[in-house]
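# Fold and geometry: a report
Letter by letter, the chains look like this.
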Amino acid sequence: MGYVDEVLELVSKKNADQPEFLQAVTEVLNTLRPVVDANEELYRSNAILERITEPDRVLMFRVPWVDDKGQVQVNRGFRVQFNNAIGPYKGGLRLHPSVNLGIIKFLGFEQVFKNSLTSLPIGGGKGGSDFDPKGKSDREIMAFCQSFMTELCKYIGADVDVPAGDIGTGAREIGFMFGQYKRIRGTYEGVLTGKGLSYGGSLARTEATGYGLLYITEELMKCHGDSLEGKTIAVSGAGNVAIYAIQKAQQLGAKVVTCSDSTGWIYDPEGIDVELLREVKEVKRARLTEYAAARKSAEYHEKKNGEHGVWSVKCDIALPCATQNELDLEDAKQLVANGVKAVCEGANMPTTLEATEYFQNNGVMFICGKAANAGGVATSALEMSQNSERLSWTFEEVDAKLKNIMVNIYHNIDDAAKRYGMEGNYVAGANIAGFEKVVNAMLAQGVY
Ligand SMILES: NC(=O)c1ccc[n+]([C@@H]2O[C@H](COP(=O)([O-])OP(=O)(O)OC[C@H]3O[C@@H](n4cnc5c(N)ncnc54)[C@H](O)[C@@H]3O)[C@@H](O)[C@H]2O)c1
Ligand SMILES: N[C@@H](CCC(=O)O)C(=O)O
C-alpha cells in the first residue's frame, strides 16, 4: 500500500464520525499522489501527510447566553487551529445549527490550502457554533456573540489567530465580537477581519469573495478564448458570496438567472435584480418569497428533496455559492445535459466528489472553492496589512489587488496541474500549489 493510501486509511479510522472532513481529506490526498510519489522518502520520514491532516489544536467550549424571555440557552463553540506554518491561523466563524466538529475540521483543512494559494502570509483555521441566528433579535445575537468571544478571546490575537465571517456571521456579528474582545483584552488590534469601516475594516472586503469568484471565472474563460459577455449563469445561495458574485457577473456582461436560500429558489429569466435581492436579504433578512412578490419576472420554487433546484436551469456557467454538498451527481448530470461549460465554486466544497469527477470526465472546466473563493480570505489578509500599518486603502486599490491575486491563483493552479501532467485539472493544481508552499515551510521549521 502506498503512503497516500496508508494515511487515508489512518485518517478514516481516526475520524470515522466526520464525513465532511474525510471527504475533504480524500479529495486533497488523492490529487497529491504524483507529488507524494516524487518525494515519498522525504515526506514519509517527516510524517508530512499525518501532520498536515491533524489540526495543531482543537478548542471546544460551552457558550451560555440569555434569550429574550430570560431563559438561559447553551450552545457549543469551536475553533480549530489547523496549521500555522506560513502565518497566523486565519479563517471564518460559521453560525448554523448544522455545525459540528467534523464540519469545522473540513473547513479548517480546506482553509490551509486556500490561504496558501492567496500568496499571503496566513495559516489555516476555522470556528463557529451550532447557534442558529435565524429569527433571533439583535439583543440575542449580541448576547451570544459576547459569550462566544468571552471564551474565544483567550486563544486568538492579531499575530496568533484572526477569525472572520462565514455562514451566519456578517458585519453585525463581527462588530459584537470585536467589542467584546476589546473590552476583555484591553487592546485595539486587528484580531478579526470583516470589521465595519469605522473601526478597522477594509473597503471591498464585503464584496471580495463574490468579486474574486468572477475575476477567476473571467480569467478561466479568457484563457480558453471566451468571455463572460452574454453568458447565462446559475447561482445558488443568496448570502454574502452569492449577492456580490451576481453583482460582478452582471458588471462583466453576463446574465444571472437564479439564486436560492435554504427554503426555496428563484428563477428570474430577465436577470436577478441584485439591489432588490440585497434589500430582501441584507437589510430585511427575509425569505426569497419577498423577492418574488416584488418582481414580476421572477418565479419562486419551494425547495424539494430529489429535485435539482437552481441546477435544473439551462446555463453556460454554474456558480454554487450556498453550502457544502449542495450539488450532487444527479445535479451534475442535469447541468452537463443542459450544456454547462464551467463550474466555479463560491462556497466551500459545494460539489460532491462524484459530481466533481463527472464534470471533469465530461469536459466541464471546474475550479474548486479553495482557489475560486480565495478572494474573501485574501482581502481579509489585506485588511490585516492595513490594520498593521494603521492606514486604509481606497476601494479601487483593494479591488485591483484582489483581481491581481485571483488572476495569479488561476495561473498558479494551471501551471501546477501542467507540471504534473494533469493539464486542465484545476482541483489537482489547487491542491498541489497550496500544499507545496505549506510543506516547504513545515520542513524548514522542524518537527512540531
Ligand atoms: N463570506 C465569505 O467571505 C466566504 C469566503 C469563502 C467561502 N465562503 C463560503 O461560501 C458559502 C456561503 O457563505 P456566505 O458568507 O455567503 O454565507 P451567508 O450566511 O451570507 O449566506 C449563506 C446563504 O446560503 C443559503 N443556504 C444555506 N444553506 C443552503 C442550502 N442548503 N440550500 C440553499 N441555500 C442555502 C442561506 O440561506 C444564505 O442565503 C459557505 O460555504 C462559506 O463557507 C464564504
Ligand atoms: N469564511 C471565509 C473567509 C475567511 C476569512 O476571511 O478569514 C472563507 O471560507 O474563506
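Preceding this paragraph is the structure being described.
Predicted, not measured: the structure shown is a model, and the values here were computed from it. Every chain is numbered independently, its residues counted from 1 as its sequence is written. Written order decides the labels, with chains lettered from A and ligands numbered from 1. The predicted origin of the model limits local features to residues at a pLDDT of at least 70 and limits the giving and counting of side-chain atom pairs to 80 or more, whereas totals for whole chains, interfaces and linings rest on all residues. The basis for the side-chain values is all heavy atoms of the structure; hydrogens and waters are excluded.

## What about the site of ligand 2?
One heavy atom within 4 Å of a molecule or strand is enough for the residue carrying it to be called near that molecule or strand. Taken together, 14 residues surround ligand 2, and among them K90, K114, G165, D166 and S380 come closest. A 3.5 Å cut-off defines polar contacts: any pair of N or O atoms within that distance qualifies, except that in protein one atom must be a possible hydrogen donor and the other a possible acceptor, and neighbouring residues in sequence count only when both atoms are side-chain atoms. In the environment of ligand 2, a nitrogen atom lies 2.9 Å from a nitrogen or oxygen atom belonging to the side chain of D166. Using the Shrake-Rupley algorithm and a 1.4 Å probe, accessible areas are obtained, with residue cover drawn only from the displayed protein chains. Its free accessible area being 300 Å², ligand 2 has 94% of it covered by the protein chains. Helix numbering and strand numbering both begin at the N terminus, where a helix is a DSSP run of H or I of at least 4 residues and a strand a DSSP run of E of at least 2. Looking at the shell around ligand 2, the elements with two or more residues in it are β3 (89–95), α6 (101–117) and α16 (374–389). Ten residues, namely Ala, Val, Leu, Ile, Met, Phe, Trp, Tyr, Cys and Pro, are considered nonpolar, four, namely Asp, Glu, Lys and Arg, are considered charged, and the remaining ones, Gly among them, are considered polar. Each residue belonging to the shell around ligand 2 can be placed in one class, and the counts come to 2 nonpolar, 7 polar and 5 charged.

## With respect to the nonpolar core
Within the largest apolar cluster, 123 residues are counted, with the highest numbers of intra-cluster contacts made by I367 and F435. Tallying contributions element by element places helix α18 (residues 426–444) first for this core, with 11 residues. With near-sequence residues (within four places) excluded, I367 lies in contact with I216, L220, V343, C344, E345, A372, Y410, I413 and Y426. As used in this record, nonpolar core signifies buried Ala, Val, Leu, Ile, Met, Phe, Trp, Tyr and Cys residues forming a set joined through side-chain atoms within 4.5 Å. Whether a residue is buried, partly exposed or exposed follows from its accessible area with a 1.4 Å probe, protein chains only, as a fraction of its type maximum: under 20%, in between, or over 50%, in that order. Counting residues in hydrophobic clusters, the runner-up holds 21 residues, among them I141, I156, M177 and Y181. In what follows, residue pairs with any heavy atoms lying within 4.5 Å of each other are defined as contacts.

## Points about the site of ligand 1
Close contacts around ligand 1 come from 22 residues, with D166, R205, T209, N240 and N348 the closest. Here an oxygen atom of ligand 1 and a backbone polar atom of G168 are 3.0 Å apart. Taking A238, its main chain carries an N or O atom lying 3.4 Å from an oxygen atom of ligand 1. Protein contacts shield 85% of the accessible area of ligand 1, which totals 830 Å² for the unbound molecule. Contributing elements (two or more residues each) for the shell around ligand 1: α9 (205–223) and α10 (240–251). A breakdown of the residues in the shell around ligand 1 according to their chemical character gives 6 nonpolar, 10 polar and 6 charged.

## So, the side chain of T169
Mapped onto the elements of the fold, T169 is located in the loop between β5 (161–164) and α8 (171–185). On the basis of relative accessible area, T169 is assigned to the buried category, the value being 7%. Here T169 is in contact with L93, R94, L95, A164 and I174, once residues within four sequence places are set aside.

## Focus: the sheet that holds strand β1 (residues 57–66)
Remark on secondary structure: sheet strands pair via backbone hydrogen bonds, oriented parallel or antiparallel. Here 5 strands make up an open sheet; going across it, the order is β1-β2-β4-β3-β5 and the pairing mixed. Bordering the open sheet on either side are β1 and β5, each of which pairs with just one other strand. On average, each strand axis in the sheet is tilted by 20° relative to the strand beside it, whichever way the strands run. When β3 meets β5, the two strands line up parallel, connected through 4 bridges. When the bridges of β5 are listed, G92 appears paired with A164. Two strands qualify as a pair provided that DSSP identifies no fewer than 2 bridges between them. Axes here mean lines fitted to C-alpha atoms, for a helix over just the part in contact, with angles spanning 0 to 180 degrees between N-to-C directions.

## What about helix α11 (residues 274–283)?
For α11, the full list of buried residues reads V274, L276, L277, V280 and K281. Projection of α11 onto a plane perpendicular to its axis shows the buried side chains occupying an angular sector of 155°, all on one side. On its buried face, α11 is in contact with α10, β8 (258–260) and α12 (288–294). For α11, the N-terminal capping position is held by D273, with its side-chain oxygen 3.2 Å away from the main-chain nitrogen of E275. Two residues or fewer after α11 comes R285, characterised by a positive phi angle close to 50°. Arc, as used here, means the arc of the directions from the helix axis to the C-beta atoms.

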